[in-house]
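Residues per chain are reported as follows:
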Amino acid sequence: MLVLKFGGTSVGCPEAVAGLTDIIRDKDHAGRVRVVVVSAFSGVTDALIAAAGEAAAGAGLPPVIETLRKRHLDTAAFFLKGPALAGAEAEIEGTLKELLRILDGVAMLRELSPRILDQIMSFGERLSAPLIARICSAAGTEAEYFDAREAVKTDDSYGAARFLPGESYVLIRALLEKRPKLQVASGFIGSTLDGFTTTLGRGGSDTSAAIFGAALGAERVEIWTDVEGILTADPRMVKNAFRIESISYNEAMELSHFGAKVLHPPTVRPALEKGIPILIKNTFNPSGGGTLISNDADPGGYPIRGISSLNNVTLIRVQGSGMVGIAGFSSRLFGALAGKRISVIMISQASSEYSICFAVEPSAGFPAAAAIKEEFVREIAAGTIEEPVPEQDLAVIAVVGSRMKSTSGISGKVFHALGRNGINVIAIAQGSSEINISAVIARQDEAKALNAVHEAFFLSGVRSVNLFLLGTGLIGGTLVEQLAGHREVLADEHKIRINLVGIANSRKMLFNSKGLDPKNIKAKLEEGEDLSLPRFIEKMKALNLPNTALCDCTASDEVAASYGDILKSAVPIITPNKRANASSYEYYRTLTAYSRDRGIPYLYETTVCAGLPVISTLRDLFLSGDRVRRIEAVLSGTLSYIFNNFDGSRPFSVLVREARAKGYTEPDPRDDLNAMDAARKALILARDCGMVLEFSSVQVEPLLPPACFEAADVESFFTELEKIDALFEKRRAAAAAAGRALRYVAVIEESRGPAAGKAAAALPPANAGGLVRLSLREEAPGSAFRSLVDSDNMVVITTDRYSTLPLVVKGPGAGAQVTAGGVFADIVRIARTLV
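Residues numbered from 1 in each chain as written. Predicted model: local features only at pLDDT ≥ 70, side-chain atom pairs only at ≥ 80, totals over all residues. Heavy atoms only, no water.

Caption draft 1: Expanded view of the overall build of the chain. The helix and strand tally for the chain stands at 30 helices and 30 strands. Here the chain holds 835 residues, and the buried ones make up 54% of them. Partitioning the intrachain contacts of the chain with sequence separation of at least 6 by distance along the chain shows that 74% fall at a separation of at least 24. Entry remark: accessible area of the chain is about 34800 Å², with carbon and sulfur atoms responsible for 52%. Averaged over its 90 positive side-chain charges, the chain has a centre that lies 2 Å from the centre of its 95 negative ones. (Helix = DSSP H or I, 4+ residues; strand = E, 2+ residues; numbered from the N terminus. Buried < 20%, exposed > 50% of the residue type's maximum accessible area, 1.4 Å probe, protein only. Contact = heavy atoms within 4.5 Å. Areas by Shrake-Rupley, 256 points an atom, 1.4 Å probe, with all protein chains shown as cover. Lys, Arg positive; Asp, Glu negative; His and termini not counted. Charge placed at Lys NZ, Arg CZ, Asp CG, Glu CD.)

Structure (structure tokens):
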């Protein structure tokens with residue numbers, strides 16, 4: 001014996017009703033269905049509530065009545081003919097006539113009591129159920145209407161009445177013994193023992209089905225709706241949510257209590273008491289698997305079953321010394337709430353007994369606070385308890401699963417996922433059954449929290465980064481090309497997904513929370529909105545996606561100045577932009593300290609030597625207890641190329657032109673030949689070695705005379721540069737005569753004070769200092785810098801451990817491919833932290 005329930009969308013149109021008749025006649029159901037419980041047509045209950053409100057306001061006959069008449073008559077005409085149609089039409093008209101009479105009374109009295117509202121709301125099911133019974137009969141399954149008010153008895157809590165099991169079960173069994181045909185029962189409604197119509201609350205048709213199933217001892221109750229079953233999370237917020245095949249009653253109750261919309265929470269209770277399984281199925285995909293709720297649900301392959309949420313709650317906090325060690329305090333507190341019929345969603349109490357907080361529906365927030373003030377008026381007046389204040393705009397997320405009690409580390413994984421995404425947890429609760437961990441968070445973080453926790457538990461090691469990219473020039477554009485060519489490999493082979501969500505160049509910006517295709521993004525970007533950096537950052541924050549990261553591929557001071565604000569929003573930063581770390585020491589210290597203290601990655605490996613692992617090597621040396629004594633480095637790819645090839649065969653100015661043609665210099669070579677870029681890199685290395693230095697402390701030997709920098713344009717600059725070719729050749733020849741070669745080298749040395757050499761990871765004290773100078777040197781034949789070729793960079797690091805033979809990092813230090821590759825590696829590094 002089966003009991004089936006069809007929701008509003010499952011009877012909302014003729015095509016859906018046709019699906020209903022097909023289901024009850026298919027091979028799995030033919031001859032086995034005893035009761036079909038139906039809801040009102042989709043949207044009808046809301047329309048009836050609106051009509052009641054309009055009547056109470058004296059607005060006259062609501063136009064919705066004519067809409068209801070047409071909708072039901074059209075459905076009848078679609079399926080029925082002849083006497084069957086005439087009978088249905090007469091029945092619909094009679095029901096609507098009764099509804100109009102009640103609405104007229106409401107309009108006359110200008111009063112709408114909860115009891116009358118329940119009676120008005122009942123007309124949705126009283127219209128749909130008799131009509132569907134006639135349609136089933138016409139389709140070949142003899143059926144008749146069962147008015148649930150005859151048998152489902154409730155208390156008088158109008159709007160959310162509680163059914164009375166003893167009286168209801170006896171009446172249902174007695175009435176069905178006399179009715180052998182398929183019964184099409186009105187869901188959602190019942191009546192008091194005095195005969196007044198009641199409703200079971202939103203979703204109450206599910207409860208109706210469970211009541212009929214329990215009364216009849218059904219083999220199974222099936223709830224047919226417009227989704228595939230219970231999902232691991234709300235698919236409207238978590239696009240990767242998937243169907244749960246089986247789930248226990250307790251798990252289903254927890255998920256439904258915290259907002260899972262497939263079930264109405266009381267639905268589970270009648271079935272739980274009788275041990276009757278409930279199967280959730282999709283009316284529009286009958287062959288789909290659905291979700292089975294039962295006592296012996298398969299434990300499944302994940303440590304949790306699902307994640308649910310309530311997207312709007314109010315938190316009430318009660319605290320004070322007058323609570324500590326006082327017996328009966330909680331009884332008084334929750335008794336006061338019960339006296340006002342205020343339902344509590346969750347409770348959290350500190351072990352010190354100094355404070356307790358609880359969540360309620362938003363509408364109950366201020367009434368709850370008032371009830372507490374009334375109950376504890378003396379304690380509040382004496383100052384032993386503080387006045388309760390409702391805290392609004394909050395949400396509750398609940399992580400549910402029976403395997404949680406036998407699996408360690410679940411709580412740690414939940415709160416790591418939330419903390420990693422900058423989601424503050426305001427209150428926590430876990431039941432003694434250990435199948436639910438609940439957390440109160442800011443309402444705006446609900447979707448972000450659900451996605452972060454869902455990915456942590458259900459995506460089998462898949463780690464996703466929602467990337468926002470600023471700058472599509474040489475490095476940014478190359479990064480986009482690398483993303484386009486390699487992200488599928490990352491996803492398939494390494495379980496790392498990089499989702500490009502936002503992008504901007506110097507003119508336009510473009511966003512798509514579902515992801516932008518990097519293969520055609522440059523053309524699409526031109527169709528975007530005009531760039532505004534504040535709007536770009538605000539949009540990134542407003543989307544509030546989990547695992548968000550910003551990649552800055554600009555050379556912009558304005559973007560660099562925004563890093564602090566971005567990190568405070570718990571958004572990691574990846575950047576080759578040197579401006580932030582080479583600005584004031586205070587700003588550098590603020591960024592690195594915030595990143596370290598809050599665990600928000602700030603990755604700037606590519607600010608020095610492109611993709612070479614220089615900064616990460618220094619960090620590893622520091623963390624392992626080594627001490628840096630001295631660094632010598634060629635940090636400019638441009639200057640490296642020029643002096644590596646300055647052998648007397650070509651004038652200095654010709655080599656500069658070659659470097660420019662190869663793309664090794666900026667469009668204006670003076671931006672490289674002034675050595676400011678190399679000086680910034682040296683300063684960053686010095687600061688990462690623990691030295692407290694400002695840019696003004698860096699000693700830079702000028703390569704060119706002022707006349708070169710004062711030239712009006714690039715060609716004028718080259719004219720001036722040619723004038724000093726002889727000077728450069730003279731210096732080169734003198735060095736060559738001594739067996740030496742010219743190289744432009746940065747030297748970083750620790751100070752002689754006791755604090756020198758401490759790691760940036762440990763943030764040095766304010767008196768730590770050092771020396772940074774850049775100069776054109778003559779390198780002897782044994783110098784490591786003589787081995788450089790093309791535009792290579794080299795960093796020679798002398799430490800306590802690497803004292804006799806320094807540690808050398810060498811390789812290409814310029815070029816879009818290697819720099820973008822280093823940025824790409826840092827983005828992947830962000831993903832790998834998502835464990």
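Caption draft 2: Fine view of the packing of helix H2 (residues 44-56) against helix H4 (residues 82-109). At a minimum axis distance of 7 Å, the contact between H2 and H4 shows a crossing angle of 40°. Looking at the two axes, H2 sits oblique to H4. Crossing of H2 over H4 shows right-handed handedness. Every residue of H4 that contacts H2 at Leu48, Ala51, Ala52, Ala55 and Ala56 is listed here: Leu99, Leu103, Val106 and Ala107. Looking at the contact of H2 with H4 residue by residue, the class counts come to nine nonpolar, no polar and no charged. (Axes fitted to C-alpha atoms, helices over the stretch in contact; angles between N-to-C directions. Parallel < 35°, antiparallel > 145°, perpendicular 65-115°, else oblique. Left-handed = near helix turned anticlockwise from the far one by under 90°. Nonpolar A, V, L, I, M, F, W, Y, C, P; charged D, E, K, R; others polar.)

Caption draft 3: Structural context of the sheet that holds strand E4 (residues 153-154). Reading across the sheet, the three strands line up as E4-E6-E7 and stay open at both edges, with mixed pairing between neighbours. Since the sheet does not close on itself, it has two edges, and those belong to E4 and strand E7 (197-199), each with one partner. As paired elements, E4 and strand E6 (residues 189-192) share two bridges and run parallel to each other. In the sheet register, Lys153 faces E6, and the bridge partner there is Ser191. (Pairing = 2+ DSSP bridges.)

Caption draft 4: A look at the pairing of strand E16 (residues 427-430). Alternating residues of E16 divide into Ala427 and Ala429, all buried, and Ile428 and Gln430, none buried. The pairing of E16 with strand E17 (residues 436-442) spans four bridges and is antiparallel. Residue pairing across strands places Ile428 opposite Ala439, the latter belonging to E17.

Caption draft 5: Fine view of H4. For H4, built from 28 residues, the straight-helix expectation of 40 Å at 1.5 Å per residue is met to within 8% by its first-to-last C-alpha distance of 41 Å. Turning to H4, its buried residues are Leu85, Gly87, Ala88, Ile92, Thr95, Leu96, Leu99, Leu100, Ile102, Leu103 and Val106. Looking at the residues trailing H4, positive phi occurs at Arg110, about 55°. (Expected span 1.5 Å × (residues − 1).)

Caption draft 6: Inspection of the sheet that holds E17 at higher detail. One open sheet accounts for six strands, arranged E13-E14-E12-E15-E17-E16; its pairing is antiparallel. Lying at the two open borders of the sheet, with one neighbouring strand each, are strand E13 (346-349) and E16. Ignoring strand direction, the axes of neighbouring strands in this sheet form an average angle of 30°. In this sheet, strand E14 (residues 355-360) lies alongside E13 in antiparallel orientation, the contact comprising four bridges. Bridge pairing in E14 links Met346 to Ala359. With respect to the sheet, helix H11 (residues 329-339) is in contact with strand E12 (306-319), E13 and E14, its orientation differing from that of E14 by roughly 20°. Seen against the sheet, helix H12 (residues 365-375) touches E12, E14 and strand E15 (389-400) and runs at an angle of roughly 35° to E12.

Caption draft 7: Looking closely at a positive patch on the surface. Together, Lys239, Lys495, Arg497 and Lys514 make up a region of like positive charge exposed at the surface. For Lys495, a relative accessible area of 40% corresponds to the partly exposed category. (Patch = residues over 30% accessible without salt bridge, like charges linked within 9 Å, V, L, I, M, F, W, Y side chains within 5 Å. Salt bridge = Lys/Arg side-chain N within 4 Å of Asp/Glu carboxyl O.)

Caption draft 8: Just the packing of aromatic side chains, in detail. All chains considered together, the criterion is met by 21 aromatic pairs. Relative to Phe79, the ring of Phe78 has its centre 5.0 Å away and its plane inclined at 70°; by these criteria the two rings are edge-to-face. Here Phe79 falls in the partly exposed class, since its relative accessible area comes to 22%. For the ring pair Phe643 and Phe652, a centre distance of 5.8 Å and an interplane angle of 45° mean the geometry is tilted. For the pair Phe643 and Phe652, one class covers both residues: buried. In this structure an aromatic cluster arises from ring pairing among Phe643, Phe646, Phe652 and Phe728. If you follow Arg115 out to its NZ or CZ, it ends over the ring of Phe196, 4.1 Å from the centre. The side chain of Arg126 reaches across the aromatic face of Phe123, ending 4.0 Å from its centre. (Phe/Tyr/Trp six-rings, centres within 6.5 Å; stacked < 30°, edge-to-face > 60°. Lys NZ or Arg CZ within 6 Å of the ring centre and 35° of its normal.)

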